[in-house]
Amino acid sequence: MKTLKDFKVKNKRVLVRCDFNVPFDEKGNIEDDFRIEKAIPTIEYLVKNKAKVILISHLGRLKEMKSSGCEVKSYSLRPVALRLEKLLGRRIEFLEDCIGERIEKRTKEMKQGEIFLLENLRFHKGEKENDPKFAKELAKLGDIYINNAFGACHRVHASITDLPQYLPSGGGFLLEKEVKVLLSVLENPWRPLVAVIGGVKLESKTKLLKELLEKADHLLIGGKIANTVLIVKGIIVDRPWPSEKVVEGIKELNLTSTKLHLPLDAIASPDRTGKIYIRQSAPAKVRKDEEFLDIGPETIKIFSKIIKEAKMIVWAGPLGYFEQPPFDKGSKEIAEAIVRNYKAYKIVGGGDTLFALSQFGLRDKFDHVSTGGGAMLSFLSGEGLPGLKALE
Ligand code: 3PG
C-alpha cells in the first residue's frame, strides 16, 4: 500500500476520503469530534506541502435518514466543516454537493493550500450501491486519492473500493497508524496479550472471538455476549435460544480453552433502572424475571488480576449496561485496571466503549484509540478490509 509520503502532492488536487461520521446530540451539536481531530495531521501535511485538499465523507445511514423522519438536511456535513475550521485554525470551504459539473469546476479553480469539504457522500445512493458511475464522477474531482477513513474500510462503497481504481491511490496517516497498530495485535503482539470483549451484538463478534482466542494469551468476555455464550455452554438455562448463526459461531470456539474467561458472577436486576433491587448472583442463578446487567465483583477481581500481568491489552465493547449506573461499575473498574497497568500497550475501539471511557475520563490514558468500530472488529477478526485491499 502506498502512503501519503509516496506522492508528490504540490499543486495537485488531493481527494481525501475521511470518516467524519460523528455523533450529534438532539440539538444538532457535534457530541464527539475525535474522528475529526484524528484527520488533522493528514490535512496539515497536505496544506504544508502545497496541495489542494478536497475532503469527502459520509455521515449517518440512508435507512436512518429516511426512518428518523429527520430532514435529510440534518445529516449535512456543514457542522463538521465549522468544527474542522476551528480545530485547524484555517478556512474550510463547504460545497453543497459532492459531484457534478459545478463542483468539478470549483475544484479546478482551487489554489494551493485551499481546503474544501464536500457534502455527505451518502446523499447519493451510488455511494452505498458501489456504483462505478458515481465513483467516476468523484474521480473527476482529484488527481490523487488518499483513503484516511479507516472506520469505513469494511464497507464496499464507491468512495472506498471503486474510486481508488481511477486515481493514483494510497493511505493517509490515520489509516497507516491504525493498520500498523492493529496488525501488531495479530502478528507480533507484546505478550501476555489480553483481549477484553463485551457489548451486545454477538452476530458480528463470533469470528473475532475465534481469532482472539487463538492469538491472545487471555480472552476476557463480558456484556450481553458473555450471557449468550453462557446460554450456549448450558450454564444459563431457560432463556431464549440464540439464533442458529450465533450458536454455530460459538460452537466453533474452543469453549474449554483455559485462555477463555467468562463471568463468574453477575449483577442482576428485574429492571434497567436498578430501582426495584439489585443483587449479585452466580450467572446460572439469574432468575427468569431478571437481567444480567453487569459483571460482578468476583469477575472484576479475576479480570483485573489477568490485566495486571498483560503487556498488550485490546478492548472492544462495554462489560455491562454502562449507560445506567450502577451497572457501569464493571466497565469502569476494568477500564481503571487497564489504565493502572502502565507497562502495557493499551488499545481500545468501538463507539460505545469510547463513549463509556470518556464518561469515566479515561480515554486519553490509552495508547491507541481506534477510530474504527466495525472496521476494527473486522480487522481483528482476520478478515481483510475491502478498503485496504483496494489500495493494494
Ligand atoms: C462507523 O461509524 O463505524 C463508520 O463510519 C462506518 O459507518 P457505517 O456503519 O454507517 O457504514
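Keep in mind the model is a prediction, meaning the values are calculated, not measured. (Residues numbered from 1 in each chain as written. Predicted model: local features only at pLDDT ≥ 70, side-chain atom pairs only at ≥ 80, totals over all residues. Heavy atoms only, no water.)

**Student:** Outline the overall build of the protein chain, supporting the account with residue identities and numerical values.
**Tutor:** If you tally the helices and strands in the protein chain, you get 16 helices and 15 strands. For 392 residues, the compact-globule formula gives about 21 Å, and the C-alpha radius of gyration of the protein chain, at 22 Å, lands near that figure. Its C-alpha atoms give the protein chain principal-axis dimensions of roughly 70 × 45 × 40 Å. Carbon and sulfur atoms provide 50% of the accessible area of the protein chain, an area that totals close to 18300 Å². Of the charged side chains in the protein chain, 66 are positive and 54 negative; the average position of the first set lies 3 Å away from that of the second. (Helix = DSSP H or I, 4+ residues; strand = E, 2+ residues; numbered from the N terminus. Rg over C-alpha atoms; globule rule 2.2 N^0.38 Å. Areas by Shrake-Rupley, 256 points an atom, 1.4 Å probe, with all protein chains shown as cover. Lys, Arg positive; Asp, Glu negative; His and termini not counted. Charge placed at Lys NZ, Arg CZ, Asp CG, Glu CD.)

**Student:** Talk me through the site of the ligand; I want residue IDs and the actual numbers.
**Tutor:** In the vicinity of the ligand, the residues found are D19, N21, R35, H58, R61, R122, G151 and R155. A distance of 3.0 Å is found between an oxygen atom of the ligand and a side-chain nitrogen or oxygen belonging to N21. Measuring from an oxygen atom of the ligand, one finds a side-chain N or O atom of R61 at 2.6 Å. Per-class residue counts for the shell around the ligand are no nonpolar, three polar and five charged. (Near = heavy atom within 4 Å. Polar contact = N/O pair within 3.5 Å; in protein donor to acceptor, adjacent residues only side chain to side chain. Nonpolar A, V, L, I, M, F, W, Y, C, P; charged D, E, K, R; others polar.)

**Student:** Which residues make up the nonpolar core, and what values go with them?
**Tutor:** Counting residues in hydrophobic clusters, the biggest one holds 70 residues, and the most contacted among them are L118, L163 and L219. When sequence neighbours within four positions are dropped, the list of residues in contact with L219 reads A195, I197, L209, L212, L213, K259, L260 and H261. Residues F7, C18, F20 and I144 belong to the second largest nonpolar core, which totals 30 residues. (Core = buried A, V, L, I, M, F, W, Y, C linked by side-chain atoms within 4.5 Å. Buried < 20%, exposed > 50% of the residue type's maximum accessible area, 1.4 Å probe, protein only. Contact = heavy atoms within 4.5 Å.)

**Student:** How would you explain the domain arrangement of the protein chain if you had to name every residue and give the values?
**Tutor:** When cut into domains, the protein chain gives domain 1 (4–173) and domain 2 (189–380). On a C-alpha basis, the centroid separation for the pair domain 1 and domain 2 is 34 Å. Listed by partner, the interface residues are eight residues for domain 1 and twelve residues for domain 2. Across the interface of domain 1 and domain 2, roughly 770 Å² is buried in total on both sides, 63% from carbon and sulfur atoms. Contact with domain 2 buries area across many residues of domain 1, yet F34, F150 and H154 alone supply 64% of it, more than any other trio. Seen at the junction of domain 1 and domain 2, the total is one salt bridge. A salt bridge links R363 to D32, with the nearest nitrogen and oxygen atoms 2.6 Å apart. Linking domain 1 with domain 2 are two residue pairs in polar contact (both at pLDDT 80 or more). (Domains from an automatic or database assignment. Buried area = accessible area lost by both parts, 1.4 Å probe. Salt bridge = Lys/Arg side-chain N within 4 Å of Asp/Glu carboxyl O.)

**Student:** Describe helix α10 (residues 223–232), listing the residues and the values that go with them.
**Tutor:** For the α-helix, the turn length of 3.6 residues means that residues three or four positions removed from each other point alike. With respect to burial, α10 is a largely interior element, nine of its ten residues being buried. For α10, the complete set of buried residues consists of G223, I225, A226, N227, T228, V229, L230, I231 and V232. The elements touched by buried residues of α10 are β7 (193–197), β8 (218–221), α11 (244–251) and β12 (291–295).

**Student:** Describe the packing of aromatic side chains, with residues and values.
**Tutor:** Scanning all chains against the criterion turns up four aromatic pairs. Their ring planes at 75 degrees and their centres at 5.2 Å tell us that Y45 and F173 sit as a pair that is edge-to-face. Here Y45 is found in helix α1 (residues 34–48), whereas its partner F173 is found in helix α8 (residues 173–187), with 128 residues between them in sequence. When the ring centre of Y321 is taken as origin, the NZ or CZ atom of R272, which lies over that ring, is 4.8 Å away. Lying over the aromatic face of F34, R363 brings its terminal NZ or CZ to 5.0 Å of the ring centre. (Phe/Tyr/Trp six-rings, centres within 6.5 Å; stacked < 30°, edge-to-face > 60°. Lys NZ or Arg CZ within 6 Å of the ring centre and 35° of its normal.)

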